[in-house]
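Examination of the molecular architecture
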Amino acid sequence: MLKEKLSKKKNIKTAIIGLGNVGLLYDLDNKDILTHSKSVFSNKNLELKFGIDLNKDKRKKFEKKYKLKTYASLKNN
């Protein structure tokens, strides 16, 4: 019964705030899961919605990798 409830549970919508080394960059070009972005993206219970960082270059890398929107600030959302 618990498994049935868990399988019907909706994905948790998630955002990554900070697209630096741990947020995005450590595993950008390899198959390992070393960052929050790849961890959330790979988790079937979570839904990665967008990323936030002040740095435009990091936002572009995130958008290219995950095909998701990014913002410079949480206020823009």
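Details of the structure are given in the entry above.
Every residue gets a number counted from 1 within its own chain, in the order that chain's sequence is written. Since the coordinates come from a predicted model, pLDDT governs what is reported: local features require at least 70, and pairs of side-chain atoms require 80 or more to be given and counted, while whole-chain, interface and lining totals use all residues. Side-chain measures were taken over the full set of non-hydrogen atoms in the model, leaving aside hydrogen atoms and water.

1. Re the overall build of the protein
Convention followed: Only DSSP runs of H or I covering at least 4 residues are called helices, and only runs of E covering at least 2 are called strands; the numbering of each starts at the N terminus. Relative accessible area decides the class of each residue, using a 1.4 Å probe on protein chains only: under 20% of the type maximum gives buried, over 50% gives exposed, and in between gives partly exposed. Contacts: residue pairs with any heavy atoms within 4.5 Å of one another. A 1.4 Å probe and the Shrake-Rupley method give the accessible areas. Residues count as covered only by the protein chains that appear here.
Along its length, the protein carries four helices and three strands. Shown N-terminal to C-terminal, the secondary structure of the protein runs as helices and strands in the order α-β-α-α-β-α-β. Here the protein holds 77 residues, and 29% of them are scored as buried. Counting only contacts in the protein whose residues sit at least 6 apart along the sequence, the fraction spanning at least 24 positions is 45%. Counting every atom, the protein has about 5,900 Å² of accessible surface; 54% of that belongs to carbon and sulfur.

2. Observations concerning the sheet that holds strand S2 (residues 46–52)
Keep this limit in mind: A strand pair is defined by DSSP finding two or more bridges across the two strands. In this analysis, axes come from line fits to C-alpha atoms, helices being fitted only over the stretch in contact, and the angle between any two N-to-C directions falls in the range 0 to 180 degrees.
Taken together, the three strands give an open sheet; going across it, the order is S1-S2-S3, and neighbouring strands pair in parallel fashion. Looking at strand neighbours, the two that pair on one side only are strand S1 (12–17) and strand S3 (69–71), the edges of this open sheet. Across the sheet, the axes of successive neighbouring strands diverge by a mean angle of 35°, strand direction being ignored. Here six bridges tie S1 to S2, and the two strands are oriented parallel to one another.

3. Overview of unusual backbone geometry
The backbone of Lys67 shows a phi angle near 55°, a positive value even though the residue is not glycine. Classification of Lys67 as exposed rests on a relative accessible area of 67%.

4. Considerations on the pattern of salt bridges
Under the convention used in this document: Any carboxyl oxygen of Asp or Glu that lies within 4 Å of a side-chain nitrogen of Lys or Arg is treated as forming a salt bridge with it.
A complete count under the given rule lists one salt bridge for this structure. The salt bridge partner of Lys49 is Glu47, with a shortest N-O separation of 3.4 Å. Here Lys49 falls in the partly exposed class, since its relative accessible area comes to 36%.

5. A few points about the environment of Ile16
Tracing the chain through its elements places Ile16 in strand S1. Separated by 35 residues in sequence, Ile16 and Gly51 place their C-alpha atoms 4.7 Å apart. Dropping the residues within four chain positions of it, Ile16 is found in contact with Gly23, His36, Ser37, Val40, Leu48, Phe50, Gly51 and Ile52.

6. Some remarks on the pairing of S2
What counts is decided by this rule: Note on handedness: a clockwise path from strand one over the helix to strand two, with the strands aimed away from the viewer, defines a right-handed crossover.
Bridging between S2 and S3 involves three bridges; their strand directions are parallel. Directly across from Gly51, in S3, lies its bridge partner Thr70. Crossover handedness for the path S2 to helix H4 (residues 56–66) to S3: right-handed.

Distances and angles like these do not, on their own, reveal function.
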